[in-house]
Amino acid sequence: MLDESLLDAPEALARADSRELLRGAAESGARIRTAARHATEAGIGDLKPDGRPRAVMVAGPGAAGTCTADLLGALSGGNCPVSLIGPTGVAPAPGALRWTLPGWAGPLDLLVVATPDGTEPGLPRLVEQAYRRGCAIVAVAPAQSPLADAVAQARGLMVPLATAPYASAPYATGGYSTDPYRRDPHAPGAAEDDDTARAEGALGDAPGSYGTPSVPHPVEPPGTAPDEMAGPALPGTLWALLTPLLLLVDRIGLVSASPAALLQVADRLDQVAERCGPAIATYTNPAKTLAAELAGALPLLWTEGPVAAATGRRFARLLASLAGRPALVAELPGALAAHGAMLTGAFAGGADPDDFFRDRVEEAEALRARIVLLHEEPVGPVSAVPTAREFALAHDTAFSELEPAEGTPLERAAELLAITDFAAVYLALASADRT
């Protein structure tokens, strides 16, 4: 059950947002700028590759590996196979995870390791395997972590993770003890603070919100990580992991993602943060509107295009991990057949007749399917989106639609990711059973 009044109460949202998820979403543009600087300092811009790798293998814990591999594969447009090396183990704890290179991996392949933790014992072992096989190795992880040491020994390229300026963590690259918006502009690290300045405007300066000094995350012992370091399921962390890798694949010719293009992406994310911030009313806020529409609904995420498909899968993971809500994802036009029966069964819009004797106080509200259309390109003559709209109307099913503004493929992808990030956070914060 959603408390819609909370959506238009910035102070209450700030109190409910104990993990600072909204702040993380608003600072995504800042993370890109900081991560791009880290990548430049690590030497990605100086690379002179001999050619494209035969395949790119991506490894990382949980959503760090899954989302990174999914988006890199979608953005590459099939120029090179991008495959995920999924972990095995008896539990999802970092110490229990293990990774193994596929048997075909060799000197023609690139191993990419993406993790916001860096203490997983299985990842250094994977790096050792790749070194013995002759694979090229690149990692994005916290500086001075065990993984960073392993990559250095294997003569790979290590890029320090761009952490949140206000967070403190065992391997964070610059933890601070006060709110970064209040720091001395001449103090060390002030350049990173400049990157986050726009986020403050998006979040507002209501009393008790993010405009006041905050208590940092406690320092965790090695082998554990605070929420901010737990993976890209938390908004903001995804771009810290993805940005250096986009610059890398730009150098090897897989994706057009120059430093200038990524700065445009950061600007687009800042614009979305201004439109979707907690101070913006629901009726003009696309993320709050989507969150309100999904209350009491079973989202059917129908996507068109590879980037929209990757965004839909990430949105479904966020809804499950943050808001505890199920969602189903399918790509058009196959989604019409895959989910068609759900629009005529128990989840259909008109499936529950208006029973006069129904107990409307004790009985839980019935879950109804709601279609969410995600597409990265304007609707064209070969698009299945018009058919999907007609299908929803014919089955008396509500639907929402997200289409990014014009721009490069990276900018459009960033806008879709940012709006769905904000929507998942708002749904989590305003759900009575979650707060």
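Source: prediction; values computed, not measured.

Thresholds applied
Residues numbered from 1 in each chain as written. Predicted model: local features only at pLDDT ≥ 70, side-chain atom pairs only at ≥ 80, totals over all residues. Heavy atoms only, no water. Helix = DSSP H or I, 4+ residues; strand = E, 2+ residues; numbered from the N terminus. Buried < 20%, exposed > 50% of the residue type's maximum accessible area, 1.4 Å probe, protein only. Contact = heavy atoms within 4.5 Å. Areas by Shrake-Rupley, 256 points an atom, 1.4 Å probe, with all protein chains shown as cover. Salt bridge = Lys/Arg side-chain N within 4 Å of Asp/Glu carboxyl O. Core = buried A, V, L, I, M, F, W, Y, C linked by side-chain atoms within 4.5 Å. Arc of directions from axis to C-beta. Pairing = 2+ DSSP bridges. Right-handed = clockwise from strand over helix to strand, strands pointing away. pLDDT = per-residue confidence, 0-100.

**Quick word on the overall build of the protein**
Looking only at helices and strands, the protein features 15 helices and nine strands. The buried share of the protein, reckoned over its 435 residues, is 54%. Look at the contacts in the protein between residues 6 or more apart in sequence, and 75% of them connect residues 24 or more apart. Summed over all atoms, the accessible surface of the protein reaches about 18000 Å², with 55% contributed by carbon and sulfur.

**A word on the pattern of salt bridges**
Across all of its chains, the model carries 15 salt bridges by this definition. Ionic pairing is found between Arg23 and Glu20, a salt bridge with its closest N-O pair at 3.9 Å. Of the two residues examined, Arg23 and Glu20, each falls in the buried class. A network of salt bridges, in which partner residues are shared, links Arg268, Arg275, Glu411 and Glu415.

**Some words on the nonpolar core**
By size, the foremost hydrophobic cluster in this structure holds 90 residues, and its most contacted members are Trp239, Leu246, Phe315, Phe422 and Tyr426. Here this core takes 16 residues from helix H15 (residues 409-430), the largest share from any one element. Non-local contacts of Trp239, meaning those with residues more than four positions away in its chain, are made with Ser28, Ile32, Ala35, Pro244, Leu246, Val265, Leu269, Ala414 and Leu417. Residues Ala59, Leu101, Leu126 and Val127 belong to the second largest nonpolar core, which totals 22 residues.

**A closer look at the environment of Asp270**
Structurally, the position occupied by Asp270 is in helix H10 (residues 259-276). Its relative accessible area of 5% is what places Asp270 among the buried residues. Residues Asp270 and Ala26, spaced 244 residues apart in sequence, show a C-alpha to C-alpha distance of 7.0 Å.

**Section: helix H7 (residues 146-153)**
Since there are 3.6 residues in each turn of an α-helix, residues three or four apart along the chain are aligned in direction. Residues of H7 that are buried: Leu147, Ala148, Ala150 and Val151. All buried residues of H7 project into a common sector of 160° when viewed along the axis, lining one side. Across from the buried face of H7, at angles greater than 90 degrees, the exposed residues are Ala152 and Gln153. Close packing links the buried residues of H7 with strand E3 (110-114), helix H6 (122-133), strand E4 (136-141) and strand E5 (157-160). Positive phi appears at Arg155, one or two residues downstream of H7, with a value of about 60°.

**Thoughts on the pairing of strand E9 (residues 399-402)**
Only one face of E9 is buried: it carries Ser400 and Leu402, and the other face, with Phe399 and Glu401, is open. Pairing of strand E8 (residues 368-375) with E9, which is carried by four bridges, proceeds in the parallel orientation. Bridge pairing in E9 places Val372 opposite Ser400. Handedness of the crossover is the feature at issue here: the chain leaves E8, passes through helix H14 (residues 385-394), returns alongside E9, and the resulting connection is right-handed.

**Digging into the confidence of the model for the protein**
When pLDDT is low, close inspection of the predicted coordinates is not appropriate. With 79% of its residues at a pLDDT of 70 or more, the protein shows a mean pLDDT of 84. In this model residues 205-232 is a low-confidence stretch, pLDDT under 50, and it forms 72 contacts with partners more than four residues away in sequence or in other chains. pLDDT under 50 marks residues 351-358. Its contacts with residues more than four places away, or in other chains, come to nine contacts.

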